[in-house]
Each structure stands twice: as structure tokens, then as C-alpha cells.
Amino acid sequence: MRLIIHSDYEKASNWTAGYIAEKINGEKNRPYILGLPTGSSPLLVYREFIRMHKEGKLSFKNVRTFNMDEYIGLPADHPQSYQFFMKENLFNHIDIDPKHTRIPNGMAGDLEKECESYEEAIKTAGGIDLFLGGMGSDGHIAFNEPGSSLTSRTRIKTLTAETKTANARFFGGDPSKVPGTALTVGVGTVMDAKEVVIIVSGRSKARALRAVVEEGVNHMWTLSCLQMHRHAIIVCDEEATEELKVGTVKYFMDIEKMNIN
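Notes on the structure follow. Position labels on residues start from 1 in each chain and follow its written sequence. Owing to the predicted nature of the model, reporting of local features is limited to residues with pLDDT of at least 70; listing and counting of side-chain atom pairs is limited to 80 or more, with chain, interface and lining totals taken over all residues. Neither water nor hydrogens contribute to the side-chain values; these are computed over all heavy atoms in the structure.

1. What to know about the sheet that holds strand β7 (residues 155-158)
Next, step 1: We treat two strands as partners when DSSP finds at least two bridges between them. To qualify as a helix, a DSSP run of H or I must reach at least 4 residues; to qualify as a strand, a run of E must reach at least 2; elements of each kind are numbered from the N terminus. Across the sheet, which stays open at both edges, the three strands sit in the order β4-β8-β7 with antiparallel pairing between neighbours. Strands at the two margins of the open sheet, each flanked by one partner only, are β4 (69-71) and β7. Between one strand axis and the next, the sheet turns by 30° as a mean value, whatever way the strands run.
Next, step 2: The sheet contact formed by β4 and strand β8 (residues 181-184) spans three bridges and is antiparallel. Bridging across to β8, Glu70 finds its partner in Leu183.
Next, step 3: Any pair of residues with heavy atoms lying within 4.5 Å of one another is described as a contacting pair. Every axis corresponds to a line fitted to the C-alpha atoms, with the helix fit spanning only the stretch in contact, and the corresponding angles, defined between N-to-C directions, vary from 0 to 180 degrees. Lying over the sheet, helix α4 (residues 111-124) contacts β7 and β8, oriented at roughly 120° with respect to β7.

As C-alpha cells, then:
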């Protein structure tokens, strides 16, 4: 696992966008398969993608995307659906073919079948080249709440009160308006990706980052699974490192200092 520390969230986001853009631009022989998240964590990354695209530095014509999750029961045109979020914050502003974007269908008549077909679609595409993600304050990835199996696949997931409270800001501040269930890729789905890049910012994530980086692999901190991934990067700001040991921070900063630009 690599831990790349930047002074602030914007610098961390710009580095992350540049890293992924280089991967996309470097793939000429086949489609580049990109896993994407929603929420506040990737917003500046998406903003940077859009800027690079408008400047002619990045094209998404050769990109296929799979999103991590979607609420159950929200139609695609609902302002808080993740389909709406992705269009507003990324897809409508770049040159990706809508047919090449896929988000779990939370309105599917057979949700179990939708989960199975989602996994199959990823497999048919050749697997995820890079999964971008964020981390919850309790150390979760996608909607894989604490206690989720580290071998889990795309499935229906009941959301915890903490997650609903955290997402209430998107629903007028009322947790009761947040859907109680969602479709989410599993921890195992994320771990199958060739690369995983997680962006983490703020003091509210510091306790979870300490557990993920310094403690053992534990299903109560599902992102700790990255300790076992062959190519995982956590990109964070300094605030998120406040509960890490000084020696841990110095170690990662030392080994990365020649790579940060």
C-alpha cells in the first residue's frame, strides 16, 4: 500500500486526477475500465477531469465506467440519485459515450439479478483497471459498512444510521429521507481491480485512516482490505493524518518524496 500525503484536499485531488489521466492516456490498445464513486470525496477530482478535457489533455472516448453504488428506489432523474450525480458532476461535461457508463439500477424489478448482472458485466469488460473511491468516517468503502465480508460481491445493502446521518446533508439534513437500502459493489469486487486509488480528506477521517493503515485487516474497517491489495494507493491531506504515528507519516513521506510533483 502507498500512502501519498498532500498539504490539502485540492492538491490531493489534483494529483489523483493527474495520475488517473496518465493511465487513461497511456492505454491505446483497448478500452480503459474505470470504477467511480459518488459523494464529496471525488468532486475536485471530477472537476480536474473536466478541466483537462476542456483543454484537450484528456479524452474519455476510450473509457468504460462502472460506478460503485446506487440507492434503491430513486429513479435516474431524482436529484439525489447517483445517476443524476454522475451526469451533473462529470458525464455531461466530458466526451464519454453514455452507453459506456454503467451504474447499478436501484429501480430494477429483480434486484438480485441486477447485482449478478453487474458483476458479470464487469467480468465481460475485462475487469476494472482502476477503482477510484472515497472512505467513510467509519472506514467503509462504497456501501460496505463495518462488518461487511471482505469477500463480498455486488449486493443489496442495508445502510446504518451513521451512514444515513452522514448522507442527510444531501436530503435537506433529514436522515429519515435517506433511502435505507442501496446496491453496492462488494469489497471483493473492489479488490479484483488491478489498481485501487482512495482519496481521503479531513480530520473526520483521521481515526479511520489510522485503523486502515496502522492496524490489521479487519472487517469492521472494510477499507483495511487494501493492505492485501497488490497495487493500492491512498491519497490524503495532512488533516487526515492527524491520528497516525509520527513515524508512520515520516516513513510514507520519505519514500514518496521523489514521486510527488
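Next comes the rest of the write-up.
2. With respect to the packing of aromatic side chains
Next, step 1: Between rings of Phe, Tyr and Trp, where Trp is taken as its six-membered ring, a pair exists when centres lie within 6.5 Å; planes separated by under 30 degrees are stacked, by over 60 edge-to-face, and by other angles tilted. Tallying each qualifying case throughout the model produces nine aromatic pairs.
Next, step 2: Ring geometry for Tyr82 versus Phe143: centroids 6.3 Å apart, planes at 15°, classification stacked. Of the two residues, Tyr82 sits in helix α3 (residues 82-89) while Phe143 sits in the loop between β6 (130-134) and β7, which places them 61 residues apart along the sequence.
Next, step 3: Judged by relative accessible area, Tyr82 falls into the buried class, the value being 10%.
Next, step 4: Type-normalised accessible area, obtained with a 1.4 Å probe on protein chains alone, sets the label of each residue: buried when under 20%, exposed when over 50%, and partly exposed for intermediate values. Overall, the relative accessible area of 3% leaves Phe143 in the buried class.
Next, step 5: One aromatic cluster in this structure is built from Tyr71, Tyr82, Phe143 and Phe171.

3. What to know about the sheet that holds strand β3 (residues 63-67)
Next, step 1: Spatial ordering of the open sheet is given by β1-β10-β9-β6-β2-β3-β5, a layout of seven strands whose pairing is parallel. Strand pairing shows two members of the sheet lacking a second neighbour, β1 (2-6) and β5 (101-102), which therefore form its edges.
Next, step 2: Two elements, strand β2 (residues 32-36) and β3, share five bridges in a ladder whose sense is parallel. If you follow Ile33 over to β3, its bridge partner there is Arg64.

4. Re the pairing of β6
Next, step 1: For β6, a buried count of five out of five residues is recorded, marking the element as mostly surrounded by other parts of the structure.
Next, step 2: Of the strand pairs in this sheet, β2 and β6 are connected by two bridges, and their pairing is parallel. Bridging from a neighbouring strand, Gly35 pairs with Phe131 of β6.
Next, step 3: When β6 meets strand β9 (residues 195-200), the two strands line up parallel, connected through five bridges. By the bridge assignment for β9, Gly134 is matched with Ile199.

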